[in-house]
Amino acid sequence: MSEATRTRRLVSPSPEETHRLGVKLGQLLAPGDFVGLVGDLGAGKTHLVRGVAEGAGVASSEVASPTFAIVYPYDGRIPLYHADLYRLADQEELYATGFMDLLDEGRAMLVEWLDRIPQAAPRDFLRVTLRHEGEDARSLEVEAFGARPAALLDAWLG
Ligand SMILES: Nc1ncnc2c1ncn2[C@@H]1O[C@H](COP(=O)(O)OP(=O)(O)OP(=O)(O)O)[C@@H](O)[C@H]1O
Ligand SMILES: [Mg+2]
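Here the structure is a predicted model, which means the values were calculated and not measured. (Residues numbered from 1 in each chain as written. Chains lettered and ligands numbered in written order. Predicted model: local features only at pLDDT ≥ 70, side-chain atom pairs only at ≥ 80, totals over all residues. Heavy atoms only, no water.)

(A) Molecular detail of the packing of helix 1 (residues 15–28) against helix 5 (residues 147–157). The contact between helix 1 and helix 5 brings their axes to 9 Å, and the two run at 130 degrees. Our classification of the angle between helix 1 and helix 5 gives oblique. Our pair here, helix 1 against helix 5, has a crossing hand that is right-handed. Of helix 5, the residues touching helix 1 (which contributes Leu21, Lys24, Leu25 and Leu28) are Arg148, Leu152, Ala155, Trp156 and Leu157. Across the contact of helix 1 with helix 5, the residue classes break down as seven nonpolar, no polar and two charged. (Axes fitted to C-alpha atoms, helices over the stretch in contact; angles between N-to-C directions. Helix = DSSP H or I, 4+ residues; strand = E, 2+ residues; numbered from the N terminus. Parallel < 35°, antiparallel > 145°, perpendicular 65-115°, else oblique. Left-handed = near helix turned anticlockwise from the far one by under 90°. Contact = heavy atoms within 4.5 Å. Nonpolar A, V, L, I, M, F, W, Y, C, P; charged D, E, K, R; others polar.)

Shown next as structure tokens:
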């Protein structure tokens, strides 16, 4: 993996703050943006995605925790895919799901457990790594790879 173009770190002291951060990112997302989410069980990946979906204009009733399917399509202000790679063994299996073809559809993509199969990411993407910092606090490390992701990161977190 090459070096990140830009990196920002911050601490979210509560689930509400993580949600708010997600909403703001969702308002900024454009078709073709790819956001990979990394972090342990319960780190807050899905929580952040719910905020992003809300910010992107997706009805909250649509937002699932992708436990049974690998990918969920959402329709908001822009179309989104929400994927979870947790149950996939490797890149071969990812290819077999047709996931890679989805990247060409021009939707924005939110992908939990990207670290399971880092090859799922396109060349340019944003990676958000969440870590537990006590019961209600989470640190977010946001790395932008490429010019558009760096601009997105600047617009998101200033
Ligand atoms: N600062 C915080 N930000 C986000 N979530 C928090 C925070 N503090 C506590 N939480 C709680 O942590 C949990 C995060 O769950 P979530 O399903 O988002 O995790 P996940 O990373 O998607 O896990 P999994 O890998 O199991 O899907 C929620 O219950 C949420 O309320
Ligand atoms: Mg999750």
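Moving on from the coordinates now.
(B) Molecular detail of the nonpolar core. Leu29, Leu80, Leu126, Val128 and Trp156 are the most contacted members of the largest nonpolar core, which totals 29 residues. With five residues, the single largest contributor to this core is helix 5. Look past the residues within four positions of Val128 in its chain and what remains in contact with it is Val35, Gly36, Leu37, Val38, Leu48, Leu140, Glu141, Val142 and Trp156. By size, the runner-up hydrophobic cluster in this structure holds 19 residues, among which are Leu94, Leu102, Leu114 and Ile117. (Core = buried A, V, L, I, M, F, W, Y, C linked by side-chain atoms within 4.5 Å. Buried < 20%, exposed > 50% of the residue type's maximum accessible area, 1.4 Å probe, protein only.)

(C) Representation of helix 5 within the structure. All buried positions along helix 5 are accounted for by Pro149, Ala150, Leu152, Leu153, Trp156 and Leu157. Buried residues of helix 5 fall within an arc of 160 degrees about the axis and therefore sit on the same side. With its phi angle positive at about 75 degrees, Gly158 sits one or two positions after the end of helix 5. (Arc of directions from axis to C-beta.)

(D) Looking closely at the coordination of the magnesium ion (ligand 2). Here the magnesium ion (ligand 2) is held by the protein donor atoms Thr46 (OG1) and Glu112 (OE), which lie 2.1 to 2.2 Å from it. Of this pair, Thr46 sits in helix 2 (residues 45–55) while Glu112 sits in strand 5 (residues 108–112), placing them 66 residues apart in sequence. The pair Thr46 / Glu112 is uniform in exposure class, with both members buried. (Donors = N, O, S within 2.8 Å, 3.2 Å for Na, K, Ca; no water.)

(E) A look at unusual backbone geometry. Phi at Trp113 is positive, roughly 60 degrees, even though this residue is not glycine. Overall, the relative accessible area of 9% leaves Trp113 in the buried class.

(F) View of the packing of aromatic side chains. Going through the model one piece at a time under the given rule, you end up with three aromatic pairs. Plain terms: the ring middles of Phe34 and Phe125 are 6.1 Å apart, the flat faces sit at 85 degrees to each other, and that makes the pair edge-to-face. Remark: Phe125 occurs in strand 6 (residues 125–132) and Phe34 occurs in strand 2 (residues 34–38); sequence separation between them is 91 residues. The burial state of Phe34 is the same as that of Phe125; both residues are buried. (Phe/Tyr/Trp six-rings, centres within 6.5 Å; stacked < 30°, edge-to-face > 60°.)

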